[in-house]
Amino acid sequence: MMACIIWMLQVLPLIFCAWGESDFQWTQTDRGSFYYGTFPPTFMWGVGSSAYQTEGAWDTDGKGQSIWDVFTHKKGKVFMNHTADSSCDGYYKVKDDTELLKELKVSHYRLSISWPRIIPTGVRAENVNEKGIKYYNDLINGLLEKNITPVVTLYHWDLPHNLQEKFNGWQNISMVTYFNDYANLSFERFGDRVKHWITFNNPWSVAVEGFETGEHAPGLKLRGTGAYKVAHHLIKAHAKVWHTYNKHWRSKQKGMVGISLTTEWGEPVDISSQKDIEAAERFVQFNFGWFANPIYNGDYPQIMKEYIGQKSAQQGLGMSRLPTFSSQEKSYIKGTSDFLGVGHFTTRYITSRNFPSTQGPSYFTDRDLTELVDPKWPEPESKWLYSVPWGFRRLLNFVKTQYGNPLVFVTENGVSEKMHCAQLCDEWRIQYLKGYINEMLKAIKDGVNIQSYTAWSLMDKFEWDEGFSERFGLYYVEFKSKNKPRYPKASVQFYKRIISANGFPNPREVEKWHRISTETCSTTNQLLAADPLVSHMEMVTEIVVPTVCTLCILISAVLLMILLRRQS
Ligand code: NOJ
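The present account deals with the structure reproduced in this document. Here the residue numbers are simple positions, counted from 1 along each chain's written sequence. For a predicted model such as this one, the threshold for reporting local features is a pLDDT of at least 70, and the threshold for listing and counting side-chain atom pairs is 80 or more; totals across whole chains, interfaces and linings nevertheless cover every residue. The basis for every side-chain value is the complete set of non-hydrogen atoms in the structure, without hydrogens or water.

A word on the overall build of the protein chain
Logical step 1: We count a stretch as a helix when DSSP gives it H or I for four or more residues in a row; a strand needs E for two or more, and each element gets its number in order from the N terminus. Looking only at helices and strands, one finds 19 helices and 15 strands in the protein chain.
Logical step 2: Taking all 568 residues of the protein chain together, the buried fraction comes to 56%.
Logical step 3: For the protein chain, contacts bridging at least 24 residues in sequence account for 77% of all contacts bridging at least 6.
Logical step 4: Summing over all exposed atoms, the protein chain offers an accessible surface of approximately 24,400 Å²; the carbon and sulfur share of this is 57%. Note on classification: 1.4 Å probe, protein chains only; a residue is buried when its accessible area is under 20% of the maximum for its type, exposed when over 50%, partly exposed between these limits. Any two residues whose heavy atoms approach within 4.5 Å at even a single point are treated as in contact. Each accessible area value is a Shrake-Rupley result obtained with a 1.4 Å probe; residue values ignore everything except the protein chains displayed when judging cover.

Listed below in structure tokens is the structure:
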């Protein structure tokens, strides 16, 4: 009897504790005020970018075309038909850009490899482009020389076009093998120095924007089916690459392989309404859970299975539009992430809404919900990116409760501005970073296991279907100038200080950073204001002077001829 009581006393608290942990508190409203404090001493601070968005050199040194090269070269796909053919010319600026990172004092830099740059057709057995390999070797070595850890994404959306053309890209299961071969090559060539690998960046976007709405390459609108099929293959490809690393490389290279999932947070409009709470949960599960649940819990979220299954039946289909994993596949996929990459930018309020199934299949109507924004939220620069810092803490706590408190790397978080003219005083970015990083600090206090933060992004760059109209950079890029100079915005000064202090020590200090950052930005603004003068001077020396000289020589020649004729 006594033994039984002791057992109950020991085990029951554990059961309650585990139970409490798996329950996300949807009705929690305590948002708290600004929290002064520091991050754990081993916390890593970084900044990120991606290959297609920054490298340029789209057809240089043997690089193959990617689906984004082809997509942007079609008229009407991207804002003002912009392309990233040259973008920031990052391919030619390894030295300059690693200097910027040093100036920022980051401990890591998140970059991506362009698959067609190192395997032009996407098929490893056909051809490996050594010049592409050299570029990434130079970049990785350049970072390590400066003590900056490279965090490398294998797929930031630029599939080799050849694979799209021949096999329909991610709609075809054969991509799993091609992707695995490409990953294997990357581990083989770079894995002695790269210890942090991300298989996919934001697979939600690949699936939904590439195959449901068609806003992104390859631009297909296979509503209600394409995205689910593509996601199924992406998840399998992720798992395969993790197993490859685990089996063949881990013991030698001692690195980590994870995935980066980017999601908006969904908050119920009315927390006293069960329907709104369920709708908000559906919003997050249909986005983040779609990928995280198979990897951490072994299958698609129950809610997705139910909703898509029901809608498919109502639409007269014999089976669900959401594919299924076999039990073997489930156990193969479960547990295939050494860390969970979390990307986050903004929040929506969510309320329940029934869409009639007669509307035809669609990922969006499958969710039966409506997204709203609070009219009190400050007007955003990009139409979708409202700054709602508390949503970040909510998301991070959701991650903790749903997936067994995994190791989290925050892989992208940042804000844009629409300005076309030079604007280095990015006060709103300072406020955004301050607010979001502070909520991340609160999440760590809540017990979320966050190891690193990556601000998005190092510099202004090509912003997908928005072209160059949205600037996410900490550094301003003057795209109009021939050599694409970079200038630090005020947020560089501010972020740098957060990094040095490893957090927010006290109000006086943080206030001082703010003042210093904005003071420096006004001086740099003057530098940039002088820039048109510099380009004017360049024009004078490069065009006007040679033209005038040529004209003078021509006129003198004509005059000389006239003179000679008269004399004869
Ligand atoms: C997430 C994408 O991964 C990144 O490439 C993009 O720049 C940001 N969203 C901002 O839209």
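Description of the site of the ligand
Logical step 1: Residues in close proximity to the ligand include Q53, H156, W157, N201, F345, W384, E412, W456, K461, E463, W464 and F472, which together make up its full environment.
Logical step 2: H156 places a side-chain nitrogen or oxygen 2.9 Å from an oxygen atom of the ligand.
Logical step 3: Distance and chemistry together define a polar contact, namely a pair of N or O atoms within 3.5 Å, with one atom able to donate a hydrogen and the other to accept it when in protein, and with adjacent residues in sequence counting only for side-chain atoms on both sides. Within the side chain of N201, one N or O atom sits 2.8 Å away from an oxygen atom of the ligand.
Logical step 4: Taken by itself the ligand offers 300 Å² of open surface, and the protein chains cover 94% of this.
Logical step 5: Its residues assigned to classes, the shell around the ligand comprises 6 nonpolar, 3 polar and 3 charged. Near residues are defined by distance, with any heavy atom within 4 Å of the molecule or strand qualifying the residue. All residues other than Ala, Val, Leu, Ile, Met, Phe, Trp, Tyr, Cys, Pro, Asp, Glu, Lys and Arg, Gly among them, are scored as polar; the first ten of these are nonpolar and the last four charged.

A few points about unusual backbone geometry
Logical step 1: Put simply, A217 and P218 share a cis peptide bond, and its omega is 5°.
Logical step 2: As for its placement among the helices and strands, P218 is situated in the loop between helix 9 (203-211) and helix 10 (226-253).
Logical step 3: Here the bond from W456 into S457 is cis, since omega is 10°, no more than 30 degrees from zero.
Logical step 4: With respect to the element layout, S457 can be found in the loop between strand 12 (450-456) and strand 13 (475-477).
Logical step 5: The phi dihedral of N168 falls on the positive side, at around 65°, and the residue is not glycine.
Logical step 6: Following the sequence through the fold, N168 ends up in the loop between helix 7 (161-167) and helix 8 (175-190).
Logical step 7: Residue N168 is classed as partly exposed on the basis of its relative accessible area, which comes to 44%.

Describing the packing of helix 9 against helix 10
A pair of packed helices can be characterised by two numbers: the angle between their axes and the separation between those axes.
Logical step 1: In this analysis, axes come from line fits to C-alpha atoms, helices being fitted only over the stretch in contact, and the angle between any two N-to-C directions falls in the range 0 to 180 degrees. Contact pair helix 9 / helix 10: the axes reach a minimum separation of 8 Å and the direction vectors enclose 150°. Judged on the interaxial angle alone, helix 10 and helix 9 are roughly antiparallel. The way helix 9 lies across helix 10 gives a crossing that is right-handed. For the pair helix 9 and helix 10, the contacting residues are P203, V206, A207, V208 and F211 in the first and G226, A227, V230, A231 and L234 in the second.
Logical step 2: A class-by-class count of the residues in the contact of helix 9 with helix 10 yields 9 nonpolar, 1 polar and no charged. An angle below 35 degrees is read as roughly parallel, one above 145 as roughly antiparallel, one from 65 to 115 as roughly perpendicular, and any other as oblique. In this scheme the crossing of two helices becomes right-handed for a clockwise turn of the near helix relative to the far one and left-handed for an anticlockwise turn of less than a right angle.

Considerations on helix 9
Logical step 1: When you tally the buried positions in helix 9, you get 9 out of 9 residues, the bulk of the element.
Logical step 2: Where helix 9 is buried, its residues contact strand 4 (149-155), strand 5 (196-201), helix 10, strand 6 (256-262), helix 11 (274-297) and helix 14 (363-366).

Here's the deal with the nonpolar core
Logical step 1: Among the nonpolar cores identified, the biggest contains 149 residues, and W170, W290 and M440 are the most heavily contacted of them.
Logical step 2: Ignoring anything within four residues of it in the chain, the contact list for W290 reads W204, A207, V208, A227, Y228, A231, I235, Q285, Y300, P301, M304 and Y363. Buried Ala, Val, Leu, Ile, Met, Phe, Trp, Tyr and Cys residues form a nonpolar core when they are joined through side-chain atoms within 4.5 Å.

Quick look at the pairing of strand 2 (residues 44-48)
Logical step 1: Where burial is concerned, most of strand 2 is hidden: 5 out of the 5 residues are buried.
Logical step 2: Of the two faces of strand 2, both are covered, the one formed by M44, G46 and G48 as well as the one formed by W45 and V47.
Logical step 3: Should DSSP find at least two bridges between two strands, the strands are regarded as paired. Relative to strand 3 (residues 108-112), strand 2 is paired through 3 bridges, and the arrangement is parallel. Note on strand 3: the bridge partner recorded for G48 is R110.

Considerations on the sheet that holds strand 9 (residues 347-352)
Logical step 1: With respect to topology, 3 strands assemble into an open sheet ordered 7-9-10, the strand pairing being mixed. Every other strand in the sheet has two partners, leaving strand 7 (265-268) and strand 10 (369-372) as the edge strands with one partner each. In this sheet, adjacent strand axes meet at a mean angle of 40° when their direction is disregarded.
Logical step 2: Pairing of strand 9 with strand 10, which is carried by 4 bridges, proceeds in the antiparallel orientation. Counterpart to T351 in the pairing with strand 10 is T370.
Logical step 3: Running at roughly 130° to strand 9, helix 11 makes contact with strand 7, strand 9 and strand 10 of the sheet.
Logical step 4: Contacts between helix 15 (residues 389-402) and the sheet are confined to strand 7 and strand 9, with strand 7 contributing the most and set at about 100° to the helix.

A few points about the environment of K105
Logical step 1: With respect to the secondary-structure elements, K105 resides in the loop between helix 4 (94-104) and strand 3.
Logical step 2: Expressed as a C-alpha distance, the spacing of K105 and K146, which sit 41 residues apart in the sequence, is 9.8 Å.
Logical step 3: Ignoring anything within four residues of it in the chain, the contact list for K105 reads K496, I499 and S500.

Quick word on the side chain of N201
Logical step 1: One can find N201 in strand 5.
Logical step 2: What makes N201 buried here is its relative accessible area of 1%.
Logical step 3: Polar side-chain contacts of N201 include one of 2.8 Å to the side chain of R110.
Logical step 4: Looking at N201, its side chain comes within polar contact range of the side chain of H156, at 2.9 Å.

Things to note about the sheet that holds strand 4
Logical step 1: Spatially, 2-3-4-5-6-8-11-12 is the arrangement adopted by the 8 strands of the closed barrel, whose pairing is parallel. Averaged over all pairs of adjacent strands, the angle between their axes in this sheet comes to 25°, without regard to strand direction.
Logical step 2: Relative to strand 6, strand 5 is paired through 4 bridges, and the arrangement is parallel. Bridge pairing links N201 to S260 in strand 6.
Logical step 3: In the packing of helix 6 (residues 130-145) onto the sheet, the strands contacted are strand 3 and strand 4, and the crossing angle to strand 3 comes to about 170°.

Let's talk about the packing of aromatic side chains
Logical step 1: In this scheme Phe, Tyr and Trp rings, the latter by its six-membered ring, pair at centre separations within 6.5 Å, and the angle between planes marks the pair as stacked below 30 degrees, edge-to-face above 60, and tilted otherwise. In this structure the tally under the stated criterion is 62 aromatic pairs.
Logical step 2: Judged by centre distance (5.8 Å) and plane angle (40°), the rings of F392 and Y436 are tilted. Of the two residues, F392 is situated in helix 15 and Y436 in helix 16 (residues 427-445); the sequence distance between them amounts to 44 residues.
Logical step 3: In this structure F392 comes out as buried when scored by relative accessible area, which is 0%.
Logical step 4: Using a relative accessible area of 0% as the deciding quantity, one classes Y436 as buried.
Logical step 5: An aromatic cluster of at least three residues, connected via ring pairs, comprises Y52, W68, F71, W157, F462, W464, F468 and F479.
Logical step 6: The rule for a charge over a ring is simple: NZ of Lys or CZ of Arg within 6 Å of the ring centre, and within 35 degrees of the ring normal. Sitting above the plane of the Y135 ring, R117 keeps its charged end 5.8 Å from the centroid.
Logical step 7: Positioned above the aromatic ring of F34 is the side chain of K434, whose terminal nitrogen or guanidinium carbon lies 5.3 Å from the ring centre.

Some points on a nonpolar patch on the surface
Logical step 1: A cluster of nonpolar side chains, L551, L554, I555, V558, L559 and I562, forms an exposed patch at the surface whose accessible area comes to about 570 Å².
Logical step 2: Inspection of the secondary structure puts V558 in helix 19 (residues 531-567).
Logical step 3: Overall, V558 belongs to the partly exposed group, its relative accessible area being 47%. What makes a patch is a set of residues exposed beyond 30% relative accessible area and free of salt bridges, joined within 9 Å when like-charged and within 5 Å when nonpolar (Val, Leu, Ile, Met, Phe, Trp, Tyr). Take a side-chain nitrogen of Lys or Arg and a carboxyl oxygen of Asp or Glu: if they are within 4 Å of each other, that pair is a salt bridge.

Structural measurements only, silent on function.
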